[in-house]
Structures are given as structure tokens and as C-alpha cells.
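Letter by letter, the chains look like this.
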Amino acid sequence: MSNFRGSYQFTNDIIVRAGTFKIPSGKTLQMRDGYRIYVLEGGTLEVDGGTIQNADVLVKSGGTLNIKNNGSIHLNRYGKLNAEKGAIVNALYGEVQTAR
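A brief look at the structure comes next.

Cut-off values and rules
- Residues numbered from 1 in each chain as written.
- Predicted model: local features only at pLDDT ≥ 70, side-chain atom pairs only at ≥ 80, totals over all residues.
- Heavy atoms only, no water.
- Core = buried A, V, L, I, M, F, W, Y, C linked by side-chain atoms within 4.5 Å.
- Buried < 20%, exposed > 50% of the residue type's maximum accessible area, 1.4 Å probe, protein only.
- Contact = heavy atoms within 4.5 Å.
- Salt bridge = Lys/Arg side-chain N within 4 Å of Asp/Glu carboxyl O.
- Helix = DSSP H or I, 4+ residues; strand = E, 2+ residues; numbered from the N terminus.

1. Quick notes on the nonpolar core
Ranked by internal contacts, the top residues of the largest apolar core, which has 18 residues, are Leu-29, Ile-37, Leu-45, Ile-52 and Ile-73. If sequence neighbours within four positions are ignored, Leu-45 has contacts with Phe-21, Ile-23, Ile-37, Val-39, Ile-52, Val-57, Thr-64, Leu-65 and Asn-66.

Below you can see the structure in the form of C-alpha cells.
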């Protein structure tokens, strides 16, 4: 996969199967209600200074989530950040916020 380019609203689930899906600084990924980001074995979701809005994230065993350089994930009202046993979650100078 490659870098996320632009600020877009996704209308489907996002499945990161292999490689890295990167959200760089200054970019925003806007998820719609009811949709989820799945990070599968061998895949990496990297929030490198960017933002995911309205998120619901599941990191499966063997998948990796990296939040760094002040990257942020804002969970939706019913969203969660779940990581299965065997998943890797690194939050280096980033944040995960719940809906208010």
C-alpha cells in the first residue's frame, strides 16, 4: 500500500491486508458511521501526524497499528480500538480520543 493522499470520506470498511497504509501529517481520513478499519496479519496502519475521524478500529493478531508524530484517532460514538492477542499497538506521541 502507499500513503493516504488528501482528505477523504470512506463509505466502506477499510481492510489493510499487507504492507502499510499511512496517514501522513496534515491529512484526515473521515470514516462513516457503521464502518470499520481492519488491520490484518502482515498489515500496518500508520497514523503519522495525520488524523482518523469517526473511527472504529480492529487490529487482528499479526497486524500493527502505529500512532506517532502527534497523530490522532478519534473514535465514533460506538467505535472502539480493539487489538487481538498477538497484535502490536504503538502510540508514540499520538492519541486516541473517545466520542463525547
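2. Quick look at the pattern of salt bridges
Per the stated rule, a full pass over the model turns up four salt bridges. Between Asp-48 and Lys-22 there is a salt bridge; the shortest N-O distance is 3.4 Å. Taken together, the residues Asp-48 in strand S6 (residues 43–48) and Lys-22 in strand S3 (residues 19–24) connect sequence positions 26 residues apart. What makes Asp-48 buried here is its relative accessible area of 14%. Across the pair Asp-56 and Arg-36 runs a salt bridge whose closest N-O atoms are separated by 3.4 Å. Highlighted residues: Asp-56 in the loop between strand S7 (51–55) and strand S8 (57–59) and Arg-36 in the loop between strand S4 (28–31) and strand S5 (37–39), separated in sequence by 20 residues. In this structure Asp-56 comes out as buried when scored by relative accessible area, which is 15%.

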